[in-house]
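# Observations on chain architecture
Spelled out, the chains give:
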Amino acid sequence: MKNKFYITTPIYYVNDNPHIGHAYTTILADVLTRYHRNIGDDTFFLTGVDEHGQKVKQAAEKRGLSPLEHCNDLAPRFINLWKKLGIEYSDFIRTTEARHIKVVQSALQKAYDKGDIYLNEYEGWYSVSEERFITDTEKDSGQFRDIKKLKEKNWFFKMSKYQQKLIGHINANPQFIRPESRKNEILGFLRQPLTDLCISRPKDRMDWGIELPFDKDYVTYVWFDALLNYITGCGYGSDETKFRKWWPAEIHLLGKDILTTHCVYWTTMLFSLELPLPKSIFAHGWWLTGETKMSKSLGNIVNPLDMIDQYGVDALRYFLMREMVLGQDANFTLEAFIKRFNSDLANDFGNLLNRVSGLIGKYFNGIVPEPGNKTEAEIYIEETAGNLEGKIKGLILDMRINEAIEETLQLVRSVNKYMEHSAPWQVAKSDLVRAGTILYTASEALRLAALFLSAVMPQKTSVVLDVLGSLGSKTSWGGLKPKTVLKPHEALFPRLEVPK
RNA sequence: CGCGGGGUGGAGCAGUCUGGUAGCUCGUCAGGCUCAUAACCUGAAGGUCGCACGUUCAAAUCGUGUCCCCGCAACCA
C-alpha cells in the first residue's frame, strides 16, 4: 500500500507579478513532491491564486480592466513561471472558479447553520483613501491620512469557541506546527483570548468576492474565500472519493507572515466544518537582500525569470534549496549564487562527470568497464553512497533540505578525492582491470548522487543519468550496468565569471 | 515587563533540545596532481562560541543577569 502525500502552497494574491518569494515556496513544494514520488508515495500537489478582494479590485481599476479580466491576465503569468521553473503541480486553483465558489458557499452555510456565524456591529478606524479599515497600530504609525471612525454591520465567525480545542490539538501533536519556534509563537498568541473573526464586507463598499449564501448584501472576505482552496482542490463537495483519499494534507507550506492565518483561522474553520486538521503546517523564512527583506515597496526584488534565462532553472532551484535553512531567513545575493554555482555545481558535480566520462572515453572507448576486486577505497565509497539514502530520507522528513543536499555533495567531494588518490589515469597504463574498477566505482557513485539530487535539479540530473544510460534506475548500488555505452555530453554547469 | 529570532575563526552558516577534543562551505597562504569546466587533491594559518556571574569533574551547549542586531504586532512566500 502506497503512502499518500498531499502538499499545498498558499494561493498567491494576484495584485502583482510573481516574485522570488512565490517561486521559492512553489519550488520547495515541488522538490518535496518529487522526492516523495521518487520514494514511491502517491502525491498530490496543489497551488493556485487568490483572486478576490480589495487590492485585486484596485489593481484592476488602475489598469482599466474588470477584476476578472485582470485575473485572467495575471493567473497565466504564475502558470507560465511555474512551467519555466519545472514545477509539476497536480492542480492549479483559482478562487474565481465555479467549483470553489460552490465550496465556499456551502461551507459558509454549514458554519452558519451551526450557529458559528453571527451579525454584529463593527466600529473601527477607516481609511477613505485605502478604502479599508486599518488597525490601531497602522493608525498610530501616522501613515494613513483621511481616516475616520466608522460603524458597519458585518458577519463574524466564532473563532473563540474553538480556542481551547486548538490549544489541545497543538499540544497533542508536536509536529503540527513547525518549526518549533513557530509553534511556541502560536501558543503564545493563544494565551490571549481570541476575538471573533470578521468575515464579510458589505457589497456597496466592496463587491469583488463571493456572496454570502445567507445575506445577499454581503460578500465573504478573505478567510472563508482563500483558505478553503485547500479542500476545494482535493475534491471537497465535488468528489467525495477523491477528498477522502487526500484530505487531510500532509503539509501546508507557507511563509512566516501568514502563520497565524493558517494555524488559528484555518484550523478553527476546520473545527467548525468538522473536518480533520492538516498533519503539519510548516512556515519557512524570507529571502533577504543584504539586511532588508525583499519587498515590492523597496524595489529590491530578484526577478526569478531573469535568473532562469541567465543561469538555468536547475541552478536557481539548487541555490534556493541549498542556501536556506528552512524556517530561518536567508540572504539572496548574486555573489553567493555565483559562488555556490561554481564550487558545488561546476567544480564538484559537473566536473566529476567530465572526469569520469573523459577517462572512460579515453581508456575504455566510452564503454562502462566491469568492476574487479574491491579495495578498502571502493568499499568506503560504496558504503558512503549506500548509507546516504536513509540519511537523506530522515533529513527530508525533518525538512532539512539544505542538509540533505550537503550530504550528497559530500559524497561527490569524496568521489573527487577518491579519484585523486587512486589516479586511474596512471593505473590505466599498467593495469586496465584496476582502472576499470576505479572508474566503475566513481561513475556508479555519480549516478547515485544524480538520483539523490533529482528532486532538486530534475533537468540536469536526467542529463547525467542519460549519459550513464541509467534513466529510471534504482537507488541501490550496482544500478549502473557495465558495458553501457556513454553518451556524449556538454559541460553540465559551465563555470560563471565572477563579476568584478 | 507585548511576542519571536539572532549574536560561533575574513564571509556565510551548522552544532545548543540529549554538557565531554569547535564542524561545514567559501576565501587566504604553501604544496601536489595534470583525467577534468584555471577545475581536483594535500597541508597550514585563523575562533577565550556577544559580555558577566553561577551550576558542574567538565559549558558554545544548562541557569541568572546584561549589551547589541533583526523581524512581528492580525491577509507581502
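As a reminder, the structure under discussion sits directly above these lines.
Heads up: these notes are all about the structure in this document. (Residues numbered from 1 in each chain as written. Chains lettered and ligands numbered in written order. Predicted model: local features only at pLDDT ≥ 70, side-chain atom pairs only at ≥ 80, totals over all residues. Heavy atoms only, no water.)

The subject of this paragraph is the sheet that holds strand S9 (residues 200-202). Across the sheet, which stays open at both edges, the three strands sit in the order S9-S11-S10 with antiparallel pairing between neighbours. With partners counted over all chains shown, the strands left at the sheet margins are S9 and strand S10 (210-212), one partner each. Going across the sheet, the axis of each strand differs from the next one's by a mean of 50°, ignoring polarity. Pairing analysis gives three bridges linking S10 to strand S11 (residues 215-220), with the strands arranged antiparallel. Bridge pairing in S11 places Ile210 opposite Thr220. Strand contacts of helix H4 (residues 98-113): S10 and S11, with the helix running at about 20° to S10, the strand carrying the most contacts. (Pairing = 2+ DSSP bridges. Helix = DSSP H or I, 4+ residues; strand = E, 2+ residues; numbered from the N terminus. Axes fitted to C-alpha atoms, helices over the stretch in contact; angles between N-to-C directions. Contact = heavy atoms within 4.5 Å.)

A few words on the protein's contact with RNA strand B. Residues in contact with RNA strand B amount to 56 residues; listed here are only the nearest, His22, Tyr221, Gly255, Tyr265 and Asn351. Backbone atoms, meaning sugar and phosphate, form 60% of the atoms of RNA strand B found within 4 Å of the protein. In this structure, a sugar or linking oxygen belonging to RNA strand B sits 3.4 Å away from a side-chain N or O atom of Gln410. Between a phosphate oxygen of RNA strand B and a side-chain N or O atom of Arg495, the distance comes to 3.0 Å. Mapped onto the surface near RNA strand B, the elements with two or more residues apiece are strand S1 (4-13), helix H1 (20-38), helix H7 (180-189), strand S12 (251-255), helix H14 (334-364), helix H16 (401-422) and helix H17 (424-427). Among the elements that make up the surface near RNA strand B, the one with the highest residue count is H14 (12 residues). Split into classes, the residues belonging to the surface near RNA strand B amount to 19 nonpolar, 23 polar and 14 charged. (Near = heavy atom within 4 Å. Polar contact = N/O pair within 3.5 Å; in protein donor to acceptor, adjacent residues only side chain to side chain. Nonpolar A, V, L, I, M, F, W, Y, C, P; charged D, E, K, R; others polar.)

Running from N to C, helix H13 (residues 313-323) and helix H19 (residues 458-467) point in directions that differ by 115°, and their axes come no closer than 7 Å. In terms of orientation, H13 lies roughly perpendicular with respect to H19. From H13, Val313, Asp314 and Arg317 reach across to H19, where they touch Pro458, Gln459, Lys460 and Thr461. Of the residues contributing to the contact of H13 with H19, the split by class is two nonpolar, two polar and three charged. (Parallel < 35°, antiparallel > 145°, perpendicular 65-115°, else oblique.)

Let us now look at the pairing of S1. The buried fraction of S1 amounts to eight of the 10 residues, a majority that puts the element mostly inside the structure. Pairing between S1 and strand S2 (residues 42-50): eight bridges, direction parallel. Opposite Thr8, over in S2, you have Leu46 as the bridge partner. Read as a crossover between parallel neighbours, the route from S1 over H1 to S2 is right-handed. Note: S1 against S12, two bridges, orientation parallel. Within S12, the residue paired with Ile7 across the bridge is Ile251. (Buried < 20%, exposed > 50% of the residue type's maximum accessible area, 1.4 Å probe, protein only. Right-handed = clockwise from strand over helix to strand, strands pointing away.)

Its location among the elements puts Thr8 in strand S1. Residue class for Thr8 comes out buried when judged on its relative accessible area of 0%. When the C-alpha atoms of Thr8 and Ile251 are compared, they prove to be 6.5 Å apart, with 243 residues separating the residues in sequence. Those residues in contact with Thr8 that sit more than four places away from it in its chain are Leu46, Tyr230, Ile251, His252 and Leu253. In terms of polar contacts, Thr8 uses its side chain to reach the side chain of His252, at 2.7 Å.

Looking now at the layout of surface pockets. One number sums up the size of the second largest pocket: a volume of about 550 Å³. Looking at the second largest pocket, it is lined by 26 residues, and the ones nearest its centre are Arg34, Asn38, Leu451, Ser454 and Ala455. Mapped by element, the contributors of at least two residues to the lining of the second largest pocket are H1, H13, helix H15 (376-397), helix H18 (432-453) and H19. Looking at the lining of the second largest pocket, its residues break down into 10 nonpolar, nine polar and seven charged. (1 Å grid on protein atoms, 1.4 Å probe; cavity = no way out; pocket = protein on both sides within 12 Å on 5 of 7 lines; lining within 4 Å. Points joined across faces, edges and corners; volume = space filled by probe spheres on them.)

Inspection of the secondary structure puts Leu259 in helix H11 (residues 259-273). Taking C-alpha positions, Leu259 is 9.3 Å from Glu185, a pair spaced 74 residues apart along the chain. Discounting chain neighbours no more than four positions away, the residues touching Leu259 are Ile177, Arg182, Glu185, Ile186, Leu254 and Ala283.

In summary, soluble globular proteins display a tendency toward joint burial of nonpolar side chains. One finds Leu32, Leu85, Leu320, Met321 and Phe349 to be the most contacted residues of the largest nonpolar core, which totals 103 residues. In terms of residues, this core owes the most to one element, H18, which gives 13 residues. Excluding residues within four positions of it along the chain, Phe349 makes contact with Asp344, Val412, Leu446, Ala449, Ala450, Leu453, Met457, Val464, Leu492 and Phe493. Membership of the second largest hydrophobic core comes to 56 residues, among which are Phe44, Val103, Phe214 and Trp247. (Core = buried A, V, L, I, M, F, W, Y, C linked by side-chain atoms within 4.5 Å.)

Applying the stated criterion to the full structure yields 22 aromatic pairs. Geometrically, the ring pair formed by Phe319 and Phe337 is edge-to-face, given 5.4 Å between the ring centres and 65° between the ring planes. With Phe319 in helix H13 and Phe337 in helix H14, this residue pair connects regions lying 18 residues apart in the sequence. Judged by its relative accessible area of 1%, Phe319 is buried. You can call Phe337 buried: its relative accessible area is 1%. Through successive ring pairs, a cluster of aromatic residues spans Tyr6, Phe44, Tyr230, Tyr236, Phe243, Trp246, Trp247 and Trp266. Above the ring of Tyr221, the side-chain terminus of Arg201 is found at 3.9 Å from the ring centroid. (Phe/Tyr/Trp six-rings, centres within 6.5 Å; stacked < 30°, edge-to-face > 60°. Lys NZ or Arg CZ within 6 Å of the ring centre and 35° of its normal.)

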